[in-house]
Amino acid sequence: MSSRQRDVGHRVSGREIAFLTLERFEKSRRPADELLQEVLACHSADGRETGLAFSLVQGVLRRRGFLDAVLDGFSTVPASRMQRQVLLALRLALFQILFLDRVPDHAAINESILLLQRSRQPRRVTGFVNGVLRAVCRARDTGAFPPAMAAHQFHSHPRWLYDRYLARYGQETAGRLCESNNTPPELHLAVDPRHRDGLRDRLLADHIAAAAGSYCADSLILHEFSGSPTLLPGFAEGWFHIQDQGAQLIPHLATGSPAGPVLDGCAGLGGKSIGLARLLPDRPVTALEPHRGRFALLGDNLARTRTAGRITPVHGRLQEFAAGHQGPPFQAILLDVPCSGLGVVRRHPEIRWLRQEADLAAQQAAQLQLLLAAVPLLAARGVLVYATCSTEPEENEEVVRLFLARHPEFRIDDARPHLPESARSLVDAAGCLRTRPDLGECDGFFAVRLSRDIPSPGHRHHWHQNINAIPITYQTNPSCGVLSQAVFPCLQALRL
């Protein structure tokens, strides 16, 4: 009998689920929510233990750098040299001791030792773990805590990423941004405006507090909800989809484009395609997605939100789609391109440990190729919206600079007239939409509206004025004020 067959139905604790998930993460470096789903598929756990497992996985990944620095201050063996299972058990216990007020120290210590015993670790190892954890508790209680550590360790970010923040923003803002990345986010809902009032009434009847988003009229924020979003009233009826408020603003940049078909060239699970269909109700929307698994989920989400009749999903890569497209040109194209994801670190804390600074150059090259591939699909006076969930200049303004240098017939349009009035403070001096998690309710997003204007003979473009307005260093309007804290087996299908 395989281990998977043996484990199915075996009820385990939330701590064991977290331990197994983190172990898989260290081996595979895959997204933590996918790994948690896999572990939950092999083990039986009630809702409370599943919620605890999620909190522990996310918490350990958020605070991993700090936890390892604490271990280095109290252990004779550096964290970098510890056996994987020992290190994971120590991280789990330390996170509970230092960050979960409701968990007694002895419970956190004993449960981690039990995890190691179940993994058949020898007594000398469990004794070592017990000694290190109790030494941390004593130091904390006597005020001799935390031990000396570097700033990037204290803020639990890789040195290269913290150094980038420090160079751009200074010490105070860099620290504030890091701590925003370490703060569990709220659940944001993008609500069908036809059901906005009805959904609020049903949430209130179920004693679920919901607040209106500051920037989108059809956004609701559930600050205290930590359950499965599929259990929320209105989910099955398709009254909402889960989407950060910053991401909800991006389709607005396609409004005001000439009448005609619209393309979401990197549709993912369809969140922005749904936004386009609601903002441009009389225009056909094509949603293009190359990944087979995401494409299947895209179809599910369009069916659930009752938008399948207005959005045509297409499976394929943008370059191939452009080469074979026989229909009329698109009047608006939205490209929310694959990126480093460094703007959504608080929702996906493992991203900081999976990325390297050298990745940004490769991302930039791929992003520029997607922009260039979209040009033949766009009408002569169409609108091209470029967006990322990154805060890094290489993926944002520098990609736009490179694109405009190759295509001077495009210009940057000021995003303000196309956004809700409440969101116009999020637009920078160059006219680009920028958000950042330490400045309000949104994660880190960048979006720019590029208008194509084929010039008549003798007409001189002034595109260079727009490109020079983009600061080479990341600048954000200081007045700028994102999916859910709960990731369960169903959530992958919701992430839009």
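Conventions adopted
Residues numbered from 1 in each chain as written. Predicted model: local features only at pLDDT ≥ 70, side-chain atom pairs only at ≥ 80, totals over all residues. Heavy atoms only, no water. Helix = DSSP H or I, 4+ residues; strand = E, 2+ residues; numbered from the N terminus. Buried < 20%, exposed > 50% of the residue type's maximum accessible area, 1.4 Å probe, protein only. Areas by Shrake-Rupley, 256 points an atom, 1.4 Å probe, with all protein chains shown as cover. Expected span 1.5 Å × (residues − 1). Contact = heavy atoms within 4.5 Å. Pairing = 2+ DSSP bridges. Axes fitted to C-alpha atoms, helices over the stretch in contact; angles between N-to-C directions. Core = buried A, V, L, I, M, F, W, Y, C linked by side-chain atoms within 4.5 Å. Salt bridge = Lys/Arg side-chain N within 4 Å of Asp/Glu carboxyl O. Parallel < 35°, antiparallel > 145°, perpendicular 65-115°, else oblique. Nonpolar A, V, L, I, M, F, W, Y, C, P; charged D, E, K, R; others polar. Polar contact = N/O pair within 3.5 Å; in protein donor to acceptor, adjacent residues only side chain to side chain.

Undergrad: Quick question: what am I supposed to make of the overall build of the chain here?
TA: Counting its secondary structure elements, the chain contains 20 helices and 12 strands. When burial is assessed residue by residue, the chain has 57% of its 496 residues classed as buried. Of the roughly 20,300 Å² of accessible surface on the chain, 52% is carried by carbon and sulfur atoms.

Undergrad: How should helix H8 (residues 123–142) be read in this particular structure?
TA: Note on helix geometry: an α-helix contains 3.6 residues per turn, so any two residues three or four positions apart are oriented the same way. The end-to-end C-alpha separation of H8 is 29 Å, in line with the 28 Å expected for 20 residues at 1.5 Å each. Inspection of H8 places Val 125, Thr 126, Val 129, Val 132, Leu 133, Ala 135, Val 136, Cys 137 and Ala 139 among the buried residues, and these make up the whole buried set. Packed against the buried residues of H8 are helix H5 (64–74), helix H6 (84–99) and helix H7 (105–118). Two residues or fewer past H8, Gly 143 is found with a positive phi of approximately 85°.

Undergrad: Which parts of the structure should I look at to understand the sheet that holds strand S3 (residues 219–222)?
TA: In any sheet, the strands associate via hydrogen bonds between backbone groups, in a parallel or an antiparallel arrangement. The strand order across the open sheet formed by four strands is S2-S3-S1-S4, and the pairing between neighbours is antiparallel. The sheet is open, and its two edges are formed by strand S2 (211–212) and strand S4 (240–242), each paired on a single side. Examined bridge by bridge, S2 and S3 share two bridges and lie antiparallel to one another. Note that in S3 the partner of Ala 211 across the bridge is Ile 221. Each of strand S1 (187–191), S2, S3 and S4 touches helix H12 (residues 196–205); the most contacted strand, S3, lies at about 15° to it.

Undergrad: Got a minute to help me understand the nonpolar core in this structure?
TA: Soluble, globular proteins show a tendency: their nonpolar side chains are buried together. One finds Leu 249, Ile 250 and Leu 419 to be the most contacted residues of the largest nonpolar core, which totals 47 residues. When sequence neighbours within four positions are dropped, the list of residues in contact with Ile 250 reads Lys 272, Leu 334, Val 385, Ala 387, Leu 433, Phe 445 and Ala 447. Grouped together as the second largest cluster of nonpolar side chains are 40 residues, Phe 66, Leu 92, Ala 108 and Leu 133 included.

Undergrad: Any chance you could explain the pattern of salt bridges here in plain terms?
TA: Between side chains of opposite charge, a pair can form when the charged atoms approach closely. Applying the stated criterion to the full structure yields 35 salt bridges. Ionic pairing is found between Lys 272 and Asp 336, a salt bridge with its closest N-O pair at 2.6 Å. Here the residue Lys 272 occupies a position in helix H14 (residues 271–279), and Asp 336 occupies one in strand S8 (residues 330–336), the gap between them amounting to 64 residues. Here Lys 272 and Asp 336 have matching classes, each one buried. We note a salt bridge from Arg 436 to Asp 438, for which the minimum N-O separation is 2.7 Å. Connected through salt bridges with shared partners, the residues Glu 26, Arg 29, Arg 64, Asp 68 and Arg 91 form a single ionic network.

Undergrad: Got a minute to help me understand the environment of Ile 113 in this structure?
TA: Secondary-structure assignment places Ile 113 in helix H7. A relative accessible area of 13% means that Ile 113 is categorised as buried. Setting aside anything within four residues of it in sequence, one finds Ile 113 in contact with Thr 126 and Asn 130.

Undergrad: What exactly am I supposed to notice about unusual backbone geometry here?
TA: Keep in mind that most residues, glycine aside, have a negative phi and that most peptide bonds are trans. The amide bond that connects Phe 145 to the next residue, Pro 146, takes the cis arrangement and shows omega of 0°. Tracing the chain through its elements places Pro 146 in the loop between H8 and helix H9 (151–154). Although it is not a glycine, Ser 156 sits at a positive phi angle of roughly 55°. Summarising the element assignment, Ser 156 is placed in the loop between H9 and helix H10 (159–169).

Undergrad: What is the right way to read H7 from this model?
TA: Helix length check: H7 (14 residues) gives 20 Å between terminal C-alpha atoms against 20 Å at 1.5 Å per residue, within 8%. Among the residues of H7, those classed as buried are Ala 107, Ala 108, Ile 109, Ser 112, Ile 113, Leu 115 and Leu 116. Lining the buried residues of H7 we find helix H2 (14–28), H6 and H8. Just beyond H7, the residue with positive phi is Arg 120, at close to 65°.

Undergrad: Is there a simple way to explain the packing of helix H4 (residues 47–62) against H6 in this structure?
TA: Two quantities define a packed helix pair, namely the angle between the helix axes and the distance between the axes. For the pair H4 and H6, the least separation of the axes is 10 Å and the interaxial angle reads 95°. Looking at the two axes, H4 sits roughly perpendicular to H6. Facing H4, whose interface residues are Ser 55, Leu 56, Gly 59 and Val 60, H6 presents Arg 91, Leu 92, Phe 95 and Gln 96. Of the residues contributing to the contact of H4 with H6, the split by class is four nonpolar, three polar and one charged.

Undergrad: Help me out: how do you make sense of the environment of Tyr 165 in this one?
TA: Mapped onto the secondary structure, Tyr 165 falls in helix H10. For Tyr 165, a relative accessible area of 1% translates into the label buried. Taking the C-alpha atoms as reference points, Tyr 165 and Cys 178, separated by 13 residues in sequence, lie 8.6 Å from one another. Those residues in contact with Tyr 165 that lie beyond four places of it in its chain are His 157, Gly 170, Ala 174, Leu 177, Cys 178, Asn 181, Leu 342, Thr 391 and Glu 392.

Undergrad: Sorry if this is basic, but what is going on with the side chain of Ser 257 here?
TA: In this fold, Ser 257 is placed in the loop between helix H13 (245–249) and strand S5 (262–264). From its side chain, Ser 257 meets the backbone oxygen of Ala 254 in a polar contact 2.8 Å long. A polar contact is formed between the side chain of Ser 257 and the side chain of Arg 283, at a distance of 3.0 Å.

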